[in-house]
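Residue-level structure breakdown
One letter stands for each residue in the lines below.
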Number of protein chains: 2
Amino acid sequence: MDNKKNENFSEWYTEILQKAELADIRYNVKGFVVFRPWSVLTMERMYDIYEKELQNKGHKPAWFPILIPESNFNLEASHVEGFKPEVFWVTEHGNGEKLEEKLALRPTSETAMYKMYSLWIQGLVDLPLKIYQRGSVYRHETKATRPFIRGREFYWIEAHNCFATEKEAKAQVKEDMQTTEEVMHQEFCIPFIGFQRPEWDKFAGSVNTYAADTLMPDGKVIQQPSTHLLGQHFSKPFDVSFQDEKGEKQYVWQTCYGPAISRMYASLISVLGDDKGLRFPFDLAPIQVIIIPIYKEENKRDVLKYCNKIKKSLSNNYRLEIDDSKNTPGFKFNEWEMKGVPIRLEVGGREVENNQVTVSLRTSKEKQTIKLIKLKKFIRINGREITEQLRKEADINFTNTVHHAKTMENLKKALRKGGFVKVPFCSIKMKGKDCADHIKAETGGDIRGIRVDGKEKLVEGDVCIFCGKPAKHLVYVARQY
Amino acid sequence: MDNKKNENFSEWYTEILQKAELADIRYNVKGFVVFRPWSVLTMERMYDIYEKELQNKGHKPAWFPILIPESNFNLEASHVEGFKPEVFWVTEHGNGEKLEEKLALRPTSETAMYKMYSLWIQGLVDLPLKIYQRGSVYRHETKATRPFIRGREFYWIEAHNCFATEKEAKAQVKEDMQTTEEVMHQEFCIPFIGFQRPEWDKFAGSVNTYAADTLMPDGKVIQQPSTHLLGQHFSKPFDVSFQDEKGEKQYVWQTCYGPAISRMYASLISVLGDDKGLRFPFDLAPIQVIIIPIYKEENKRDVLKYCNKIKKSLSNNYRLEIDDSKNTPGFKFNEWEMKGVPIRLEVGGREVENNQVTVSLRTSKEKQTIKLIKLKKFIRINGREITEQLRKEADINFTNTVHHAKTMENLKKALRKGGFVKVPFCSIKMKGKDCADHIKAETGGDIRGIRVDGKEKLVEGDVCIFCGKPAKHLVYVARQY
């Protein structure tokens, strides 16, 4: 790599996209990119893990149409206000024939799904309803797009749930944050803080938004999965209702949850990568073990035979390949390090003779010699440890980026260092928006909200960092993507 | 089920869609349906199996944008002629702002992908290139739509390949047909015949189209995965080229292959279902084993505890559930038979006492008593056998539906029985189209093409069933979906 991640992150990011062939920005529609195999193999695995966890928690998959009639879209007032400016519209077919009604290329699927929920839900027996879909959504973003970070097409999962009671809906929102922890943090090794967003930054149509914020190496925050308490904002206009025990009509309580796989991939490579290139949790690497044969003409056959024997013995359990291309071993070492393969096996004449392999881990500088008979166990144990190590490193870096400030001057200074700054603040209801706007204008920082884990309390007498009125919350401020 | 599959298939199909909650046609965009969890769980599994096989054969996954600029689309003349009438166009965004260029919602992705291939392929080292994507495509069909069978949105895989030589491209087409055999026939239990399509029925832009035709229970044929030899028809206008060993510019030879998962699902449920409802190959069932507890108040706790013990011991290897709803056991038996669960376990007081379960297979009428200790092995063996049995049944039914005719009169009669009719025919080049049109007008039958396995030969002196000129081929005729 020509660039250093912590010195010039933006260039590092551009370089890794190209060198590891993750995405190609040359597709000729603005804001749309092509995701290439080396990223898609990992993102497909991320989908698998996420979907499995959702299914474990009682969500079921469905596929809803990608096109939404304008009339559906207009049903919930603040939703349409928030999303309409970003919609791509299908208006014609064939040789220019107009459609009867404009169709939105879905920017999110509430208004596609809830019309059907209204048909499917009649009584208590139909509740709770927990359905998700994997798919892509479309938003005509005006902000600059960047592969994986922000684009006009992105790949996500959206889970949309209905409950008989508000209490269950609130419990679902907690469960969703827990899922983010279990999957994004534990499996993908991306640390985050969960926030309740201020009123002015919530999802269009929601009662409250809860979101996971993580940090990029340049100290800017990026929003990861968010979950929204929708209350009855949609169930009333969409008539999603049921008869209760007394035979009375009740509207359901709703939530939705949106882990964006392509965006989590941006965090994955940025948080875990280093100055040699990509690093992956063992389970997410497109290739987990790369075998590099090193031979001369006279022992070529023996070395390759031995490599194939290793491959065969491991390929039921791991994704592994032999790199028998014409490049030099040194070139191959760099190449596969850059691509983030967690375990490299070198096999030469000496390895064949002694029934062993020379092993290098992507996360360590040392080489080790392992007897072939112990290789399977070695990979099993070290695979786990690689993931643990990456998560621990990421956690430590993340913890060190939370600062404090009680004055605007200190806030400005702290924000320059990057990361989060905790400040006392007047209100996360709409009446606090004025202070938030001033803070944004003066410091470039956004109010990300209050921690959902309630770990911190204000000190008696704290006042809002901007207006000086008594503080109601300790909020986190950060510059955002 | 109220309808019998072989007596009134169309009603049977409508009934199973509703009763098993496979799809909902009430979505308010014409030709678009909602695919519900019970079908999606199986289709996701079908995707997994198909993608795994493609990856085994060296294809790599990518994600290309869903929107294609009109200018890309127009590059290959016969492609645009074939597909443009069916395109949905995105023309606006936000509050009615016009886009600079109209964007096609992809009906197929040649014109999205090959522009990028042109950038990616420079030399022999970049070949072969074998990339696929899973996704949905959009066609403004004028034919009547039917869930899974034909719709304006369908779910498929498209694999697009580039080679240095025509020979390799032709070998790929054979490999694709082999993949159809290995996956669709062997794993999904759907028998088919592979045809080379006549000139007038090939894919728009191809040199030749090879397609798998299977039959629905009403005797009409449905096209399943097709693979196309594209030659250099696209590589020239899209400039997908490489420098050969001599440093000269050569255009690549291309193929593409399109297994449509949602359409294969139509065949799966239609071919394998019976008058009780769905039947699945063991590996494709959303739930593989259903446990029905049967208890009175006094032994409820013991029975449920025993059920949970069984579930726990099997849930690492199988998808299984306990149905502890309030319905009667008889209702549950019918319900899960209709939904196609391959293995049912009944657990009552007697089973608990004797450490056993009572087992019923969806494919057999008898019940058996199995000791708990032998259950895992029983399921493993019978799971395999259920799949074998379904495939054998389907094969036998399929074989019996190929007839012969040498006169138009006999062709008409034979087509009334349903299935394929083999007839001698003048030409599958464009000069045969006139005869094909007449046959279609008089009998309703389409020329499906000549068998790719070359199993059959004309008899000396055979003449075209319509024009009476010397026959060049034995072609298959069938009424189609």
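Residues numbered from 1 in each chain as written. Chains lettered and ligands numbered in written order. Predicted model: local features only at pLDDT ≥ 70, side-chain atom pairs only at ≥ 80, totals over all residues. Heavy atoms only, no water.

1. A few points about the relation of the copies chain A and chain B
With an RMSD of 0.0 Å, the fit of chain A onto chain B corresponds to turning through 180° and sliding 0.0 Å along the axis. What the rotation and shift describe, once combined, is the action of a two-fold rotation axis. The C-alpha atom lying nearest the rotation axis in chain A is that of V90 of chain A; the distance is 2.1 Å. (Least-squares fit on C-alpha atoms with pLDDT ≥ 70 in both.)

2. Some words on the sheet that holds strand β22 (residues 446-451) of chain B
All names here are of chain B. Read from one edge to the other, the open sheet built from eleven strands follows the order β3-β7-β8-β14-β11-β10-β9-β22-β23-β21-β20, with strand pairing classed as mixed. Here the strands that pair on one side only, and so sit at the sheet edges, are β3 (60-61) and β20 (402-404). Taken together, the ten bridges between strand β7 (residues 129-138) and strand β8 (residues 153-163) define a ladder with antiparallel strand orientation. The residue bridging Y132 from the neighbouring strand is A159, located in β8. Along the sheet face, helix α6 (residues 166-187) touches β7, β8, β9 (193-196), β10 (208-215), β11 (221-231) and β14 (253-257) and points at about 160° away from the line of β11. (Pairing = 2+ DSSP bridges. Helix = DSSP H or I, 4+ residues; strand = E, 2+ residues; numbered from the N terminus. Contact = heavy atoms within 4.5 Å. Axes fitted to C-alpha atoms, helices over the stretch in contact; angles between N-to-C directions.)

3. Topic: the state of the cysteines
All names here are of chain B. The full count for this structure, using the stated rule, is zero disulfides over all chains. Here C256 stays unpaired: no disulfide links it, and the sulfur of C162, its closest cysteine neighbor, is 10 Å away. C467 supplies the cysteine sulfur nearest to C435, a cysteine that is in no disulfide, at a spacing of 3.7 Å. Taking relative accessible area as the criterion, C435 reaches 7% and is therefore assigned buried. (Disulfide = S-S within 2.5 Å. Buried < 20%, exposed > 50% of the residue type's maximum accessible area, 1.4 Å probe, protein only.)

4. Concerning the interface of chain A and chain B
Each partner contributes to the interface: chain A provides 56 residues, whereas chain B provides 56 residues. Taken together, both faces of the contact between chain A and chain B bury some 5,000 Å²; the carbon and sulfur share is 65%. On the surface where chain A and chain B come into contact, there are two salt bridges. One salt bridge connects E92 of chain A with K102 of chain B, and the closest N-O pair in it is separated by 3.0 Å. (Buried area = accessible area lost by both parts, 1.4 Å probe. Salt bridge = Lys/Arg side-chain N within 4 Å of Asp/Glu carboxyl O.)

5. Section: helix α12 (residues 408-417) of chain A
Residues and elements named next belong to chain A. Those residues of α12 that sit buried are M408, L411, A414 and L415. Looking down the long axis of α12, one finds its buried residues gathered within 120° of arc, a one-sided arrangement. Opposite the packed face of α12, turned more than 90 degrees from it, sit the exposed residues R416 and K417. Those residues of α12 that are buried lie in contact with β20 (402-404), β21 (420-425), α13 (433-443) and β23 (473-478). (Arc of directions from axis to C-beta.)

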